[in-house]
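# What the coordinates show
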Amino acid sequence: MSLSAKPAARQHAIHIEQLRKSYSEPAAGDVHYIIKDVDLVIKGGEFFVLLGPSGCGKSTLLNMIAGFVSKSGGHLRVDNIEVDKPGRDRAVVFQQADSSLFPWLTVRENVEFGLRMKKVAKAERQSLSSRYIKLVGLDGHEDKFPKALSGGMKQRVQLARVLANDPAILLMDEPFGALDAMTRRTMQKELVQIWRETHKTVIFVTHDIQEALLLGERIGIMSVGPSSNITDIYDNTLPFPRDVASPEFYALYSRIQSHFEE
Amino acid sequence: MRWVEKKWVSVSLLWLAVLLLWQLGAWVYGPDVIPGPWATARGGRELVEDGTLVQYIGVSLYRVLIGWVLGSLLAIPAGLIIGKVNVVRLFAEPFLNFIRFIPPIAFITLFLVWFGIGEQSKIALIMYATFFIVVLNTLTGVMSVEEDKIRSARSMGASEWQILLHVIVPSTIPYIFTGVRLAMGTSYMAIIGAEMIASNEGVGYLIWNSRLFFRTDWIFVGLISLGFMGFFTDRVFGWFGRKVLYRYGVVSVAAHRR
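Residues numbered from 1 in each chain as written. Chains lettered and ligands numbered in written order. Predicted model: local features only at pLDDT ≥ 70, side-chain atom pairs only at ≥ 80, totals over all residues. Heavy atoms only, no water.

Under an unreviewed UniProt entry, chain B has the name NitT/TauT family transport system permease protein and belongs to Paenibacillus silagei. Entered under Subcellular location (unreviewed entry) in the UniProt record, the comment concerning chain B runs "Cell membrane". (UniProt positions renumbered as here; feature names shortened; annotations may be inferred.)

An unreviewed UniProt entry lists chain A under the name NitT/TauT family transport system ATP-binding protein, from Paenibacillus silagei.

Dropping the structure here:
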């Protein structure tokens with residue numbers, strides 16, 4: 001699916017200029033930056049993958065876009081509005097479902113959480129939650145509590161929970177990192193499916209090159225910290241669903257792999 | 001020997017052994033020092049028949065329950081505020097950690113001066129005994145709420161007040177429950193002390209007053225009554241936790257049996 005096929009998603013672009021983050025005081029002299037001078041433009045409706053080794057600051061960047069972490073310098077705009085706090089337009093899918101889902105609520109109640117906070121009427125809440133529970137393939141599990149679900153199912157709940165609020169942007173922080181390989185493949189396929197159906201802008205953080213290539217339209221490579229930065233951006237125009245065994249896939253894989261072999 | 005492994009068999013055997021040991025002690029040391037099970041039962045019957053035992057248990061239970069409920073009702077919001085607001089915690093924590101080492105019993109005389117000889121001083125003492133345990137547990141619960149939960153609620157549009165009500169309170173419920181349950185134990189300790197020193201009714205008064213008549217069997221009756229009172233209130237509370245608060249992850253001892 002090309003970008004021109006979904007003009008409605010053209011908005012909600014993210015503009016990042018000279019963005020930096022440091023936890024030390026600027027007056028202290030020797031300032032230690034986690035990320036430094038990041039420039040990036042993400043188009044509305046795009047599937048963008050941030051790829052980099054552990055500790056390179058990709059989660060920090062994601063948390064800054066989410067509004068959880070404040071910036072130390074530069075600009076970060078969504079729809080030309082400077083981001084300084086979390087907002088309904090940017091939903092976050094966390095790596096650990098156990099720490100982010102509410103264990104005292106059932107699957108349905110978890111999915112309805114954002115709607116309840118917004119005081120949406122019960123009937124509408126129910127129809128929306130049913131729709132998104134079905135979209136992630138959890139129908140029949142509405143009344144279960146998270147602890148009765150497998151790791152993959154919990155991540156589906158997280159996904160349905162954020163989609164129910166209809167955010168423009170999905171921020172995903174290694175959401176499949178803790179899943180077994182087989183569940184992971186299924187979830188990757190379904191995520192692509194959901195992205196194509198919902199036209200969300202997705203920023204997906206991972207350290208797995210294959211996962212990045214299976215999902216992303218563009219892949220931003222982050223350098224090893226400190227003062228890490230996006231050093232290269234690869235376009236990935238391979239058609240969905242992507243074939244890991246194709247020569248094109250392998251060629252791109254080797255090119256990206258070479259970045260991390262120094 | 002499979003019949004020994006049956007629960008009711010092993011439990012009955014255990015209690016039989018306890019009774020036997022108790023009786024053995026009574027034979028060796030004489031009924032004035034250790035009244036045997038039979039003598040204790042006789043003393044108990046005496047106290048039940050003239051109505052004092054039931055009345056004393058009622059009075060002690062009433063004091064404990066009122067003080068414990070009021071203390072918890074004060075302590076839970078206090079713990080939530082201290083845990084949530086950093087400035088308040090900065091001031092409150094050293095104070096909490098100073099005062100919680102002063103046992104309730106140490107305050108009895110002072111509370112008598114402040115609140116008089118009547119019910120007020122006893123209830124205040126139980127409230128004191130309850131307050132710090134519940135505050136500290138609630139506070140710990142608030143501090144242990146995972147950051148991801150708060151963040152996800154916030155990015156789904158929850159206000160700070162909604163986060164407190166819909167994320168922090170439910171996450172903290174198992175901690176509050178444990179605190180309130182532990183506080184029940186200290187409440188019993190406090191009330192017995194208070195009734196020994198300044199009361200003319202209650203189980204603590206019974207235990208203390210029996211010395212005047214050299215009725216060790218009544219002392220035994222008082223002790224056993226206390227055990228039962230604690231046991232039953234704790235069971236009822238644990239049952240309440242399992243039935244009403246199960247979705248918040250409240251576990252109680254009996255739940256482990258399955």
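Once the structure has been displayed, the description carries forward.
All right, on to the UniProt feature "transmembrane region" (unreviewed entry) in chain B then. All names here are of chain B. As recorded in UniProt, the sites labelled "transmembrane region" (unreviewed entry) are residues 61–83, 95–117, 123–142, 163–184 and 218–237. Secondary structure content for residues 61–83 is 100% helix and 0% strand, while the C-alpha to C-alpha distance between its ends is 31 Å. Annotated as residues 95–117, this span is 57% helix and 0% strand, and its ends, taken at the C-alpha atoms, are 28 Å apart. (Helix = DSSP H or I, 4+ residues; strand = E, 2+ residues; numbered from the N terminus.)

All right, on to the confidence of the model for chain A then. Residues and elements named next belong to chain A. Of all residues in chain A, 93% attain a pLDDT of 70 or more, and the chain-wide mean is 87. Confidence, expressed as mean pLDDT per element, reaches its minimum in chain A at strand β2 (residues 33–42) with 85 and its maximum at helix α3 (residues 107–111) with 95. Note on residues 1–9: pLDDT under 50 across the span, and 15 contacts to partners over four residues away in sequence or across chains. (pLDDT = per-residue confidence, 0-100. Contact = heavy atoms within 4.5 Å.)

By definition, the strands of a sheet pair up through backbone hydrogen bonds, in either a parallel or an antiparallel sense. All names here are of chain A. Strand order in the open sheet formed by four strands is β2-β1-β4-β5, with antiparallel pairing between adjacent strands. Of all strands in the sheet, those with a lone pairing partner are β2 and β5 (81–82), marking the two edges. Examined bridge by bridge, strand β1 (residues 14–22) and strand β4 (residues 73–78) share five bridges and lie antiparallel to one another. Bridge pairing in β4 places Arg-20 opposite Gly-73. The sheet contacts of helix α1 (residues 58–66) involve β1, β2 and β4, and relative to β1 the element is tilted by about 120 degrees. (Pairing = 2+ DSSP bridges. Axes fitted to C-alpha atoms, helices over the stretch in contact; angles between N-to-C directions.)

Attention shifts here to helix α3 (residues 37–49) of chain B. Residues and elements named next belong to chain B. Between its terminal C-alpha atoms α3 stretches 18 Å, which fits the 18 Å expected from 13 residues at 1.5 Å a residue. By the burial criterion, the buried members of α3 are Pro-37, Ala-39, Thr-40, Gly-43, Gly-44 and Leu-47. Down the axis of α3, the sector holding all buried residues measures 160 degrees, keeping them to one side. Exposed positions of α3 whose direction lies more than 90 degrees from the buried face are Trp-38, Arg-42, Arg-45 and Glu-49. Close packing links the buried residues of α3 with α2 (7–29), α4 (52–84), α10 (203–209) and α11 (216–244). Just past α3, the residue Gly-51 takes up positive phi, approximately 85 degrees. (Expected span 1.5 Å × (residues − 1). Buried < 20%, exposed > 50% of the residue type's maximum accessible area, 1.4 Å probe, protein only. Arc of directions from axis to C-beta.)

In this section: helix α7 (residues 181–198) of chain A. Residue and element names in this part refer to chain A. For α7, built from 18 residues, the straight-helix expectation of 26 Å at 1.5 Å per residue is met to within 8% by its first-to-last C-alpha distance of 26 Å. Listed as buried for α7 are Arg-184, Met-187, Gln-188, Leu-191, Val-192, Ile-194 and Trp-195. Buried residues of α7 fall within an arc of 165 degrees about the axis and therefore sit on the same side. Opposite the packed face of α7, turned more than 90 degrees from it, sit the exposed residues Met-182 and Lys-189. In this structure, the buried side of α7 is in contact with β3 (47–51), α5 (122–135), α6 (151–163), β7 (169–173), β8 (201–206) and α8 (209–215). Positive phi appears at His-199, one or two residues downstream of α7, with a value of about 60 degrees.

What follows covers the UniProt feature "domain: ABC transmembrane type-1" (unreviewed entry) in chain B. When the UniProt feature table is mapped onto this chain, "domain: ABC transmembrane type-1" (unreviewed entry) is found at residues 57–241 of chain B. Structurally, residues 57–241 of chain B comprises 84% helix and 0% strand, and the distance from its first C-alpha atom to its last is 24 Å.

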